[in-house]
Amino acid sequence: MVMWLTMQYATAPTGLSTNIHLIRHSFSPGVYDASHVFGAEDPLQGPQDLAQERVLDYTRSQNISTRRFPADPARYWVILIADGQRRSRLYGTFENHGEVLAERTETRRYWDLRPSNFLAPLVGRLVVEWDNPRTWHRRAVSAANLPVLEIADRGKVLFPGFDRVLLTHHELCEMTTDHRYADWWVALSEVQGIYVITDSSNGKQYVGKADGAERILQRWTSYARDGHGGNLALRELAFASVGTGEGGRVKTDHARHFVFRILRVFGPSHVLVRS
């Protein structure tokens, strides 16, 4: 006997209720106004834009028209990312704390969204069939019957070798926080080295090093956290591109095009000759 699994049954153990709203984001490469500084309303360009803060900023901005988006949306906003014409993969969930009325404009409304652990066990694993790609959001009533195509295993990610490490900033953030990358943590925490960060949007490169008391994992974790790792040049780029976030923190949006690669590794006993 074959069981037809739907979103409602797949998420039942996590306490899925009717108090959810599903939003499906898809990538729109090149669709933005190049005349202005990157803004929250610009569509997601690609996987490099999947940093949590970027997705949150993009999602919290909605059209003023209640015909396009509900006036009083649900508590949980379940975010899916298009993974093909009909396939949609669970990205994560934000908890809605209401509209920020002070930010409302003639055309936009802004919501106080905060990251939530609701459905966390299924993040990146759950894939559903989104039956109408033209509809980008839907209420829980219609979402409950979406067919589940896949609930993938979260197997560990094997370390490929130092010369094969190639990570976007989004992947770097995942690598430094996800236990599936335990083999990577072991390898990168044992070595110092020289690495290169390439900005794929313009080809510019920054060559850095982890030496002294630092290891590559420690150094790269700081890049995952804020996008500049304390480096003055990259910090200035962060301020110049998007300014600061809450509490004076520099946002990481400037790093969405960064690609990280290792050029050379050496052990802690190696003496690095400085020029």
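Keep in mind that what you see is a predicted model, and the values were worked out from it rather than measured.

Peer 1: Explanation requested: the overall build of the protein chain in the structure shown.
Peer 2: For the protein chain, the count of helices and strands is seven helices and 12 strands. Every one of the 275 residues in the protein chain was classed for burial, and the buried ones make up 44%. Counted over contacts in the protein chain with a minimum sequence separation of 6, partners at least 24 positions apart contribute 64%.

Peer 1: Before we go on, may I ask you to explain helix α4 (residues 169-177) in this structure?
Peer 2: Those residues of α4 lying buried are His169, Leu172, Met175 and Thr176. Here the buried residues of α4 occupy an arc of 110° about the axis, which is enough to place them on one side. As for α4, its buried residues are in contact with β9 (166-168), α5 (182-188), α6 (216-226) and β12 (258-266).

Peer 1: Would you mind showing me how to read the environment of arginine 89 here?
Peer 2: Mapping arginine 89 onto the fold places it in strand β4 (residues 87-99). In this structure, the C-alpha to C-alpha distance between arginine 89 and isoleucine 151, residues 62 residues apart in sequence, is 9.6 Å. When sequence neighbours within four positions are dropped, the list of residues in contact with arginine 89 reads Ile79, Leu80, Ile81, Asp83, Gly124, Arg125, Leu126, Val127 and Glu150. At a separation of 3.0 Å, a polar atom in the side chain of arginine 89 contacts the main-chain carbonyl oxygen of glycine 124.

Peer 1: How should I be thinking about the packing of aromatic side chains in this particular structure?
Peer 2: Describing an aromatic ring pair means giving the distance of the ring centres and the angle of the ring planes. Within the structure shown, the criterion is met by 11 aromatic pairs. Geometrically, the ring pair formed by phenylalanine 159 and phenylalanine 162 is edge-to-face, given 5.1 Å between the ring centres and 70° between the ring planes. Site record: aromatic cluster; members linked through ring pairs are Phe69, Trp77, Trp111 and Trp136. Over the ring of tryptophan 130 we find arginine 138, and its NZ or CZ is 4.8 Å from the ring centre.

Peer 1: Even after reading the chapter, I still don't get the nonpolar core, so can you show me in this structure?
Peer 2: Grouped burial of nonpolar side chains is what soluble globular proteins tend to show. Grouped together as the largest cluster of nonpolar side chains are 21 residues, with contacts concentrated most on Leu172, Met175, Trp220 and Tyr223. Counting residues per element, the ones that place at least two in this core are α4, α5, β10 (192-199), α6 and β12. Ranked by residues supplied to this core, first place goes to α6 with five residues. Residue contacts for tryptophan 220: discarding those within four places in its chain leaves Val165, Leu167, Leu172, Met175, Thr176, Tyr195, Phe260, Arg261 and Ile262. One finds Leu90, Leu122, Trp130 and Val148 within the second-largest nonpolar core, a separate group that totals 16 residues.

Peer 1: Just checking my understanding: could you explain the side chain of histidine 25 for this structure?
Peer 2: Inspection of the secondary structure puts histidine 25 in strand β1 (residues 20-25). Residue histidine 25 is classed as buried on the basis of its relative accessible area, which comes to 5%. When sequence neighbours within four positions are dropped, the list of residues in contact with histidine 25 reads Leu44, Val55, Tyr58, Thr59, Ile79, Leu80, Ile81 and Ala82.

Peer 1: Help me understand the pattern of salt bridges in this model?
Peer 2: Pairing is possible between side chains of opposite charge, provided their charged atoms come close. Per the counting criterion, the structure on display carries 13 salt bridges. Across the pair arginine 104 and glutamate 99 runs a salt bridge whose closest N-O atoms are separated by 2.8 Å. In this structure, a network of salt bridges that share partners links the residues Asp83, Arg87, Arg89 and Glu150.

Peer 1: Is there a simple way to explain the pairing of strand β3 (residues 76-82) in this structure?
Peer 2: It is a general feature of regular strands that their side chains alternate between the two faces of the sheet. Of all seven residues in β3, six are buried, a share of seventy percent or more. Where β1 lies against β3, six bridges are found, and the strand directions are parallel. Of the residues in β3, the one forming a bridge with leucine 22 is valine 78. Bridge analysis of β3 against β4 gives seven bridges, and the strand direction is antiparallel. If you follow isoleucine 81 over to β4, its bridge partner there is arginine 89. In textbook terms, the turn of a hairpin is the stretch between consecutive antiparallel strands, and for β3 and β4 this stretch comprises four residues, one of which, glycine 84, has a positive phi near 120°.

Peer 1: What is the right way to read helix α2 (residues 52-60) from this model?
Peer 2: What sets the pattern is the α-helix's 3.6 residues per turn: residues three or four places apart point alike. Of all the nine residues making up α2, seven are buried; the element is thus mostly covered by neighbouring parts of the structure. Every buried residue of α2 is accounted for by Arg54, Val55, Leu56, Asp57, Tyr58, Thr59 and Arg60. Buried-residue contacts for α2 involve β1, β2 (61-63), β3, β4 and β5 (108-116).

Peer 1: Could you clarify how one ought to interpret the confidence of the model for the protein chain in this entry?
Peer 2: Reading fine detail from the predicted coordinates is not recommended where pLDDT is low. The predicted model of the protein chain averages 80 in pLDDT, with 77% of residues at 70 or higher. By mean pLDDT, the top-scoring element of the protein chain is β5 (95), and the lowest-scoring one is helix α7 (residues 232-242) (60). Predicted confidence for residues 33-39 stays below pLDDT 50, and this span has eight contacts to residues more than four positions away or in other chains. Scored below 50 in pLDDT, residues 271-275 makes five contacts in the model with residues more than four places away or belonging to other chains.

What counts, and where the lines are drawn
- Residues numbered from 1 in each chain as written.
- Predicted model: local features only at pLDDT ≥ 70, side-chain atom pairs only at ≥ 80, totals over all residues.
- Heavy atoms only, no water.
- Helix = DSSP H or I, 4+ residues; strand = E, 2+ residues; numbered from the N terminus.
- Buried < 20%, exposed > 50% of the residue type's maximum accessible area, 1.4 Å probe, protein only.
- Contact = heavy atoms within 4.5 Å.
- Arc of directions from axis to C-beta.
- Polar contact = N/O pair within 3.5 Å; in protein donor to acceptor, adjacent residues only side chain to side chain.
- Phe/Tyr/Trp six-rings, centres within 6.5 Å; stacked < 30°, edge-to-face > 60°.
- Lys NZ or Arg CZ within 6 Å of the ring centre and 35° of its normal.
- Core = buried A, V, L, I, M, F, W, Y, C linked by side-chain atoms within 4.5 Å.
- Salt bridge = Lys/Arg side-chain N within 4 Å of Asp/Glu carboxyl O.
- Pairing = 2+ DSSP bridges.
- pLDDT = per-residue confidence, 0-100.

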